[in-house]
Amino acid sequence: MRDLPIGVFDSGVGGLTVARSILNRLPQEQLLYVGDTAHSPYGPRPLAQVRRLALDVMDRLVTDGVKMLVIACNSASAVAVPDARERYEVGMGIPVLEVIRPAARRAVMTSKSGRIGVIGTEATIDSRAYEDALSVTPGVTVTTQACPDFVPLVEQGITTGPEVQAAALRYLEPVKEQGVDTLVLGCTHYPLLSGVISYVMGEEVTLVSSATETANDVYRALAARDLLRPATAPNPQHRFLVTGDTGSFQALARRFLGPEVQGVESV
Ligand code: DGL
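Everything numeric in this text was worked out from a predicted model, so none of it was measured.

About the cut-offs
- Residues numbered from 1 in each chain as written.
- Predicted model: local features only at pLDDT ≥ 70, side-chain atom pairs only at ≥ 80, totals over all residues.
- Heavy atoms only, no water.
- Core = buried A, V, L, I, M, F, W, Y, C linked by side-chain atoms within 4.5 Å.
- Buried < 20%, exposed > 50% of the residue type's maximum accessible area, 1.4 Å probe, protein only.
- Helix = DSSP H or I, 4+ residues; strand = E, 2+ residues; numbered from the N terminus.
- Arc of directions from axis to C-beta.
- Contact = heavy atoms within 4.5 Å.
- 1 Å grid on protein atoms, 1.4 Å probe; cavity = no way out; pocket = protein on both sides within 12 Å on 5 of 7 lines; lining within 4 Å.
- Points joined across faces, edges and corners; volume = space filled by probe spheres on them.
- Phe/Tyr/Trp six-rings, centres within 6.5 Å; stacked < 30°, edge-to-face > 60°.
- Lys NZ or Arg CZ within 6 Å of the ring centre and 35° of its normal.
- Pairing = 2+ DSSP bridges.
- Axes fitted to C-alpha atoms, helices over the stretch in contact; angles between N-to-C directions.

**Student:** I'd love a proper account of the nonpolar core, names of residues and values included.
**Tutor:** Counting 95 residues, the largest nonpolar core has Phe-9, Leu-16, Ile-22, Met-58, Phe-150 and Ile-197 as its most contacted members. Here the element with the most residues in this core is helix 2 (residues 47–63); it accounts for eight residues.

Written as structure tokens, this is what we have:
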């Protein structure tokens with residue numbers, strides 16, 4: 001069981017920011033990553049469709065043999081977690097982790113004023129999943145903002161410069177005006193925009209990355225279940241599967257994850 005890979009699911013390439021954070025903490029672990037690139041992006045899709053697409057791909061991922069499933073996509077985490085827990089955790093004994101609760105928890109711990117901002121895709125913001133997770137804490141006020149232009153910009157490799165800065169100003173000024181002291185980067189792609197987001201929000205606003213917080217949860221969950229792959233195990237082997245074109249994934253994947261992406265297979 002300890003030698004099985006961690007299953008990581010995302011709509012496409014963005015979940016590799018979560019994979020990067022996991023490997024930074026757990027370099028001996030093996031990943032089985034699946035990106036639903038045939039249907040990416042999920043962000044502009046209706047919530048019911050995101051839920052159906054995500055469960056369809058995750059059904060296939062868990063049958064390949066994984067010791068844990070990480071739903072790295074915020075849009076999918078926003079709508080598919082109860083069903084995924086029912087199917088894989090209750091039904092098959094595979095622990096299911098997601099990206100929203102870990103980030104919400106960190107944001108609540110970080111914020112001094114209780115004014116918390118959340119940015120994400122349209123699907124994530126429309127679902128109100130972050131508001132649900134954050135507002136269980138008394139005294140918290142949540143300001144949310146969908147940033148639909150961010151994902152295409154990152155995927156074109158535009159993470160600095162006037163175009164992305166103009167988009168950041170347009171999306172973030174209203175959030176800043178609410179006086180937030182903490183901003184949740186509620187999308188897989190946004191860690192690659194931390195520079196411009198921090199520049200626009202100002203240094204007094206703390207950015208919380210759902211990728212980093214989820215990776216901490218993965219460590220905790222594996223350690224608590226005695227499922228950590230031993231440091232003495234042979235070198236880890238990762239697999240990257242996509243439902244769409246392998247070439248375009250491979251090109252972007254190096255930017256998101258790094259040299260660990262050797263080959264990409266289609267599912
Ligand atoms: N992975 C998605 C998320 O974190 C962003 C890309 C998409 O819209 O599919 O919400």
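Moving on from the coordinates now.
**Student:** Which residues make up helix 11 (residues 246–256), and what values do they have?
**Tutor:** Along helix 11, the residues classified as buried are Phe-249, Leu-252, Ala-253 and Phe-256. On an axial view of helix 11, the arc spanned by its buried residues comes to 115°, and they lie on one face. At its buried positions, helix 11 is contacted by helix 1 (16–25), strand 2 (31–35), helix 7 (150–155) and strand 9 (239–242). Two residues or fewer after helix 11 comes Gly-258, characterised by a positive phi angle close to 115°.

**Student:** Outline unusual backbone geometry, listing residues and values.
**Tutor:** Cis geometry marks the peptide bond from Ser-40 to Pro-41; its omega dihedral reads 0°. In this structure, Pro-41 sits in the loop between strand 2 and helix 2. Positive phi values are uncommon outside glycine, yet Arg-128 reaches one of about 60°. Mapped onto the elements of the fold, Arg-128 is located in the loop between helix 5 (122–127) and helix 6 (129–134). Positive phi, close to 55°, is recorded for Asp-226, a residue that is not glycine.

**Student:** Lay out the layout of surface pockets in plain terms, naming residues and giving numbers.
**Tutor:** Looking at the largest pocket, its volume works out to about 270 Å³. Those elements that provide at least two residues to the lining of the largest pocket are helix 3 (74–92), helix 5 and helix 7. Ranked by residue count, the leading element in the lining of the largest pocket is helix 7, at three residues. Reported here for the second largest pocket is a volume of approximately 180 Å³.

**Student:** Go over the packing of aromatic side chains, please, and point to the residues and values.
**Tutor:** Scanning the model with the defined rule gives five aromatic pairs in all. Judged by centre distance (6.0 Å) and plane angle (45°), the ring pair of Tyr-33 and Phe-249 falls under tilted. Of this pair, Tyr-33 sits in strand 2 while Phe-249 is found in helix 11, placing the two residues 216 residues apart along the sequence. By the burial criterion, Tyr-33 is buried, and Phe-249 matches it. When the centroid spacing of 5.2 Å and the interplanar angle of 90° are considered together, the rings of Phe-150 and Tyr-171 count as edge-to-face. You can see Phe-150 sitting in helix 7 and its partner Tyr-171 sitting in helix 8 (residues 162–177), a full 21 residues away along the chain. The rings of Tyr-33, Phe-240 and Phe-249 are connected pair by pair, giving a single aromatic cluster. In this arrangement the basic side chain of Arg-170 is found over the ring face of Tyr-171, its NZ or CZ atom lying 4.9 Å from the centre.

**Student:** How would you summarise the sheet that holds strand 9 if you had to cite specific residues and measurements?
**Tutor:** A sheet is described by the order of its strands in space; here six strands give the open sequence 4-3-1-2-9-10, paired in parallel fashion. Bordering the open sheet on either side are strand 4 (96–98) and strand 10 (265–266), each of which pairs with just one other strand. Pairing of strand 1 (residues 6–10) with strand 3 (residues 68–71) involves four bridges; the strand directions are parallel. Among the inter-strand pairings, Phe-9 is bridged to a residue of strand 3, identified as Ile-71. Each of strand 1, strand 3 and strand 4 is contacted by helix 3, which is oriented at about 170° to strand 4, the strand it contacts most. Most of the contacts of helix 10 (residues 210–224) go to strand 3, to which it runs at about 165°, and overall it touches strand 1, strand 3 and strand 4.

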